[in-house]
Each structure stands twice: as structure tokens, then as C-alpha cells.
Amino acid sequence: MPADAQHSPSTLPVLDIPFAFSQVPLLSSGQFRDEARSKWDQRISLDDLEQLHRLGLLVPLYRADDDREAEPLPAPHEGDSSKIARYAREGMIRDPQGEDAALWPHYRPDGAGDSWWDGFFYSRWQLLGLRDALRERENLRVIADDPRLVAEEDERYRTFAARQRHEHLALAALSARFFPSIVGRVTYRDGAERETLLAARYDVDATTRLVAAGFPVARLRSAAEFLLSRAHTYDPMRERWDLARHSDASGWFRLRGGALEAVWQRIAAEVLLRAHEELASLGTLESLPETNDPHMWHPLQERIGLQPDSDGIHRSLARVGLSPEPSVVLVLEGQTEMVHLPALLDALGISKPQQVRVINQQTSSDRPRQLARYVAPRLGRVRGDRQLIETGPTALVIAMDAEGKYWGTPEAQDRHLGELRGIVRQEVAAQGGTLTDDELEILVQLRTWGDQKYELANFTDDELEAAIAQVLLASPEATGCEADWAPRLRADIEYARERALDIGVVFQRIQQQVSKVELAEALMPVLLAKLEHESTPGHVHPPILDLAYDLVALVSQLSGGGYSLETPVTRPS
């Protein structure tokens, strides 16, 4: 980092900016320590603050001095009733940089009255330099026995500290103009009325503010990129920042420690960059570069808030596994399936609604056309040669008995599945996008149980016989006695299997009312045992297990926010 002089320009001209500290107020020594300790997890004492001041590693921005004669100073706005403005109008504010810090203690001197205070004003922006100052103090302690190293290190860091202080001063000068629009709120304090504050914000442009701070406009971008690089490197929530940037001050300022520090680094960078953009619009500076190359990281990609190339909230949520949209919508037709599939998926680790949402269509004599529109991808931005999807994506999986006019024959299945895929393709086309056949085969799928209906396809005659008997023996609604239905139960199950009939035919033939939900619950231990013994040689593998395993793989493929389409939308040039 190029070396400036050890002292940054005077802080006093910034007092002439109307309501300069209205949005990011100055802090007393006590407030600075409290903020550092309670929110930034920087455990500093009054001793620490005084030592950093004496070493020149963290010098307050201002000092109030009512023991000397008043001096002519820049005059704050007459409507500004803040403490520093009152002192400045009386000519009692000093820039403590370059003063002998030993003359101005942070502790109450012996004999001082109760009204004594140290007179120091820190900028909240100076909290950004606290970690560096404490680290450098430790470095100086380690090399204290080597005068040559101490001199070199002291010179190097005093230069760095002065440079940081100058940036903090520039941030203080620019804050009232840019900070409210960054955090999404305006603060009215210190006697400032709305009209007066707005006038002060807009009438004093970035150029005037930077002149007051003595800050070179050419340093705006480099200082901002340094802050953004630090945020990217040290933010403990870096992997979650893509999501957090959708929030505003109400969410950002609830963070603590390093995460909060990274937020303030990004806010500080944004203040500097907005000043750069204002000056670029006037032709004073070059415009900021485009940084949306997906193959190359750039500090400007870390800018706070939403940028033109930022992912939408749904994609950001999906990337951290919090998407409100399910990865799969599973359409079933019967009560038994509605009991079994969720339990199987739960046993395989798929238990969250945003993974698989199960819908009971209650019949195979329908097609979920509206659901096909629901799962159609909503296109996001183009990255490289891929089309990103803003939500999900979500796949539609239909699991039905092979019966009825829609799913009763292979030809009908192909025709109606094609219609559903056509709906998805049309919805994407309406957004200017396209889907390949392979992508459609993933996004809309049909599964049947083969030639048999659900219960007979997935359970043996022995298993069904035992489960039906268990339900009937426990049911007070069973008519007659066991001898009336038990002898013929097995034959009626075989009858239904031979003719590929529904299990309800068995209930009719034995003349009993059997709850399908109760039957499903009776079969549940059998089904879970099939899952547990999946690797056992000779194990019978029912189609419902195939579906469950395929759903797990599909959720894995579609979740995580990384799914994209092969063909990007061509935007008009």
C-alpha cells in the first residue's frame, strides 16, 4: 500500500458540512468502547483506548477543549444541536492528531469534578480500524526488545493508521449523503427537520464533501475494493452473504462480531463507491468496470445490497437449503400411498417440505395441468453459457396406477405426459427461454406400479393377507366372525392379482369394510423392513422403493441453487 504522510488532513473542515454526523453519529470514548465490546466482540478497556491513542494507532477524530481560548472554526449549521456542533460554534473543537496524547488523558484526573469528561469524539467508522490497531500494538509488544524493528514497524503502521483515519474521515463526510439510501432509513436527530436534512443531504455534493475531508477522488475505488476484499476474506458468514444481501439494516445490524464488522466494511465501501459513481457521472472519474464474469472473482461483486447481476431471493435461499419452493412435487392418487411414501422418504432422510411436497390427487382420472404450470422454471439471469433459474427448480413426479383414460395404456401415458411437458415448455418459452428434451424428462416424470395396482404391486399375498386380517380383527366394525372371511381371504387376494384388480375388490368379495389408512399402517412395518433388508440376497424389491430412491437422487440433483438450463435466453442487443 503506497505510503502517505503520517498525518492525514485536518478533520476540522468537515464540521462545515451541514449535519455531517446526523446519520452516523460520533461516539464518546465510552460509547465507542461499548459498541466495540457489545456488538463487535472487541474487548477493549479504557487503558487500551488510551494506549492506542498514545501510540498513534487509533486517534479520536475530534477533541473538545474548554480550557483554552476559543479559536475560529468552521461553523456547523445553526439548526444542528448535536454536542460537537455546539462546541464547534463556541470555537472549542480541536483535531487531536499531532497533539501530545499524554496531555489529554482518557481517565479522570485527580481532583477533577463530576462534570469532567475526556472530550474525545470518535467516528463509528473508526471501529473498522480497531482490529488492526490492536493487532499492531501486539506486534510492537513482541518486537519491543529490538529498537530497529520497533522503529520500522512503528513508522509503517503509523502511516497505515493515518491512511485509515483519512478514509474514516472521508466516510464521515460522505455519510449524510449516501448512508440513508444504503441502509434504507433516514435518522432525524439533533434538531434536524426533514426539509432541512434533505436539503443538506442533496445540496452538498460528493465533490464538496471530499474536498472538506481532503480526500483524493482517485482513492475512492481502491479504498472501497480493499474493504470489500477484507469482508470477503474474513466474514464468518461469507457463504451466506449472497442471502444476507437481500436484507437491509433491520437484518444486517442484528449480526454480531466479525459478521457485523464485514457488514460495516461493505457499507463503508458502498459509501465510497457511490461517491465514485457520482463523480463518474460528471466525467471526473471513469465508470466502475463490469464485474459479472462468473469465472473470475472481483471485489466489486461483494457490494452490499442487490446489484443488477445479483441472484434473486429464491435462488439465494436455495443455495443455503432454505428455498420455500420444493425440489419435487409428488402427485399420488390414494390413501395408502399417502401414508407410505412420506414415511419412506423420512427414513431415507427426506423429511422437509422444501424437499418433497406430496399431493393426494385422489384419483388417476385426472392430469395435474396446473401443477405443470407451477413447476415451470422461472428464468433468472444468464451466467456464461448457462441460463440460471430464479427458483428451485421443481420437478413434477406423478405416481399412479396404470389405469383409466390418462394412464391406462403406454400410448395414453406417452400422450398425456407429453401434454404436461408441453405446458412446462410453453411457460418457459413465454419467458424467452427454451428447454431441451433431457431437461423436460427431469422436470416432468411419470411413474406407475407396473401391471398391478399399488398394494398388489408392492406387497406379497402373504403380507397382504396378514395385514388385512390384523385390521379386521382389531376393527369393531368388522361384520360376522373370523370364520366368515378368513378361509376365503387368500383366494380373493389371488383372484385380484390374477386380474390386476384393485385391493378394494378383495374387501368386496369378503364382504368387509377395510380402512385403507389402517391397512397402510398395518403394512408400514413390512415396508420399512423391505427398506432395511434392501441389500439382503434374494430380497424382493418393490417398485415403491425404486421411486423413493429416485426421489432422493432427484432432490439431491435439484437442490442447492446450482441447477441451470443448457440454453440461455438471447437478450435483444
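These numbers were taken from a predicted model, which means no experiment stands behind them. Residue positions are given per chain, counting from 1 as you read along its sequence in written order. Reporting of local features is limited, given that this is a predicted model, to residues whose pLDDT is at least 70; pairs of side-chain atoms are given and counted only at 80 or more, and all residues count toward the totals for whole chains, interfaces and linings. Side-chain figures throughout are based on the complete set of non-hydrogen atoms in the structure, without hydrogens or water.

**Things to note about unusual backbone geometry**
Here the phi dihedral of Asp41 falls at roughly 55°; this positive angle occurs in a residue that is not glycine. Turning to its location among the elements, Asp41 is positioned in the loop between helix H1 (29-38) and helix H2 (46-54). Using a 1.4 Å probe on the protein chains alone, a residue whose accessible area is under 20% of its type maximum counts as buried, one over 50% counts as exposed, and one in between counts as partly exposed. Owing to a relative accessible area of 46%, Asp41 belongs among the partly exposed residues under this scheme. Even without glycine at this site, Ala500 takes up a positive phi of about 55°. As for its placement among the helices and strands, Ala500 is situated in the loop between helix H20 (482-498) and helix H21 (504-509). A relative accessible area of 22% means that Ala500 is categorised as partly exposed. In this text, helices come from DSSP runs of H or I with a minimum length of four residues, and strands from runs of E with a minimum of two, each type numbered from the N-terminal end.

**Comments concerning the environment of Gly98**
Among the secondary structure elements, Gly98 is positioned in the loop between strand E3 (93-94) and strand E4 (120-123). Sequence spacing of Gly98 and Ser8 is 90 residues, and the spatial spacing of their C-alpha atoms is 9.8 Å.

**Observations regarding the side chain of Gln512**
Structurally, Gln512 can be placed in the loop between H21 and helix H22 (516-532). For Gln512, a relative accessible area of 7% corresponds to the buried category. Note on definitions: a residue-residue contact is assigned when non-hydrogen atoms from the two residues lie within 4.5 Å. Not counting the four nearest positions on each side in its chain, Gln512 is found in contact with Leu472, Ala478, Thr479, Trp485 and Phe507.

**So, the packing of aromatic side chains**
Here the aromatic set is Phe, Tyr and Trp, taking the six-membered ring for Trp, and pairing holds for ring centres within 6.5 Å; pairs whose planes are under 30 degrees apart are stacked, those over 60 apart are edge-to-face, and all others are tilted. Counted under the stated rule, the structure contains eleven aromatic pairs. Summarising the aromatic geometry, the rings of Trp125 and Trp264 are spaced 5.2 Å apart at their centres and angled 80° between planes, so their arrangement reads as edge-to-face. Of this pair, Trp125 sits in the loop between E4 and helix H4 (130-142) while Trp264 sits in helix H11 (residues 257-281), and the two are 139 residues apart along the sequence. Accessibility classification places Trp125 together with Trp264 in one group, the buried group. Each ring, one from Tyr406 and one from Trp407, has its centre 6.5 Å from the other, and the planes form 50°; the classification is tilted. Trp407 matches Tyr406 in its accessibility class, with the two residues each being buried.

**Some thoughts on the sheet that holds E3**
Overall, antiparallel pairing links the four strands, which are arranged E1-E4-E2-E3 in an open sheet. Edge positions in the open sheet fall to strand E1 (26-27) and E3, since each of these has one partner strand only. Both strand E2 (residues 62-64) and E3 contribute to a ladder of two bridges, which runs antiparallel. Bridge assignment links Ala64 to a residue of E3, and that residue is Ile93. Here, any two strands with at least 2 DSSP bridges between them count as paired.

**Considering the sheet that holds strand E6 (residues 356-360)**
Whenever strands of a sheet pair, they do so through backbone hydrogen bonds, lying parallel or antiparallel. Here we have four strands laid out as an open sheet, ordered E6-E5-E9-E10, and parallel in their pairing. Two strands bound the open sheet, and with one partner strand each, they are E6 and strand E10 (444-448). Recorded for the sheet is a direction-independent mean angle of 20° between the axes of neighbouring strands. Relative to E6, strand E5 (residues 328-332) is paired through five bridges, and the arrangement is parallel. Across the sheet, the residue bridging to Leu330 is Val358, located in E6. Comment: axis = line fitted to C-alpha atoms, over the contacting stretch for helices; angle = value between 0 and 180 degrees taken between N-to-C directions. Sheet strands touched by helix H16 (residues 410-429): strand E9 (395-400) and E10. Its angle to E10, the strand with the most contacts, is close to 155°. Docked against the sheet, helix H23 (residues 543-558) engages E5, E6, E9 and E10, running at close to 175° with respect to E9.

**Notes on the pattern of salt bridges**
Salt bridge, as applied in this entry: a Lys or Arg side-chain nitrogen positioned within 4 Å of an Asp or Glu carboxyl oxygen. Taken as a whole and assessed by the stated rule, the structure comprises 32 salt bridges. Note that Glu225 and Arg221 form a salt bridge whose closest N and O atoms lie 2.6 Å from each other. Of the two residues, Glu225 and Arg221 both sit in helix H8 (residues 220-234), four residues apart, roughly one turn of that helix.

**Focus: the confidence of the model for the protein chain**
Known as pLDDT, the predictor's per-residue confidence is scaled from 0 to 100. Scored by pLDDT, the protein chain comes out at a mean of 85, with 90% of its residues at no less than 70. Across residues 1-5 the pLDDT falls below 50, and counting only partners more than four positions away or on other chains, this stretch makes nine contacts in the model.

**Looking at the pairing of strand E8 (residues 386-389)**
Judged from the three bridges that link them, strand E7 (residues 379-383) and E8 form a sheet pairing that is antiparallel. Among the inter-strand pairings, Leu379 is bridged to a residue of E8, identified as Ile389. Hairpin connection between E7 and E8: a loop of two residues separates the two successive antiparallel strands, and Gly384 in this loop has a positive phi of roughly 65°. Two strands pair when backbone bridges link them, and E8 and strand E11 (residues 564-565) are joined in this way by two bridges, in the antiparallel orientation. Bridge assignment links Leu388 to a residue of E11, and that residue is Ser564.

**Considerations on the side chain of Arg266**
Relative to the assigned elements, Arg266 resides in helix H11. Judged by its relative accessible area of 0%, Arg266 falls in the buried class. Excluding residues that lie within four positions of it along the chain, Arg266 makes contacts with Leu228, Ala231, His232, Asp235, Trp241, Glu302 and Ile304.

**Notes on H22**
Since one α-helical turn is 3.6 residues long, residues separated by three or four positions face the same way. For a helix, the expected span equals 1.5 Å multiplied by the number of residues minus one. Taking 1.5 Å per residue as the helical rise, H22 with its 17 residues ought to reach 24 Å, and the 24 Å between its terminal C-alpha atoms agrees with that figure. For a residue, the bend is simply the angle between two axes, fitted respectively to the seven-residue segment ending there and the seven-residue segment starting there. Within H22, the axis deviates most sharply at Leu523, by approximately 40°, and proline Pro525 lies no more than four positions further along. Among the residues of H22, Leu519, Ala520, Ala522, Leu523, Met524, Leu527, Lys530 and Leu531 are the ones counted as buried. On its buried face, H22 sits against helix H13 (335-347), helix H18 (454-458), helix H19 (461-474), H21 and H23.

**Here's the deal with H23**
End to end, H23 covers 22 Å across 16 residues, agreeing with the expected 22 Å (1.5 Å per residue, within 8%). Taken as a whole, H23 has its buried residues at Ile544, Leu545, Leu547, Ala548, Leu551, Leu554, Val555 and Leu558.

**Quick word on the nonpolar core**
What is meant by a nonpolar core is a set of buried Ala, Val, Leu, Ile, Met, Phe, Trp, Tyr and Cys residues, joined one to another through side-chain atoms within 4.5 Å. The biggest cluster of nonpolar side chains holds 81 residues, and the ones touching the most others in it are Val14, Tyr62, Ile93, Trp125 and Phe253. Examining the composition of this core, we find that 13 residues originate from one element, helix H5 (residues 147-183), more than from any other. In this structure, Ile389, Ala469, Leu472 and Ala548 belong to the second largest nonpolar core, which totals 68 residues.

**A closer look at the environment of Ala144**
As for its placement among the helices and strands, Ala144 is situated in the loop between H4 and H5. For Ala144, a relative accessible area of 47% gives the class partly exposed. For the pair Ala144 and Leu545, spaced 401 residues apart in the sequence, the C-alpha separation amounts to 70 Å.

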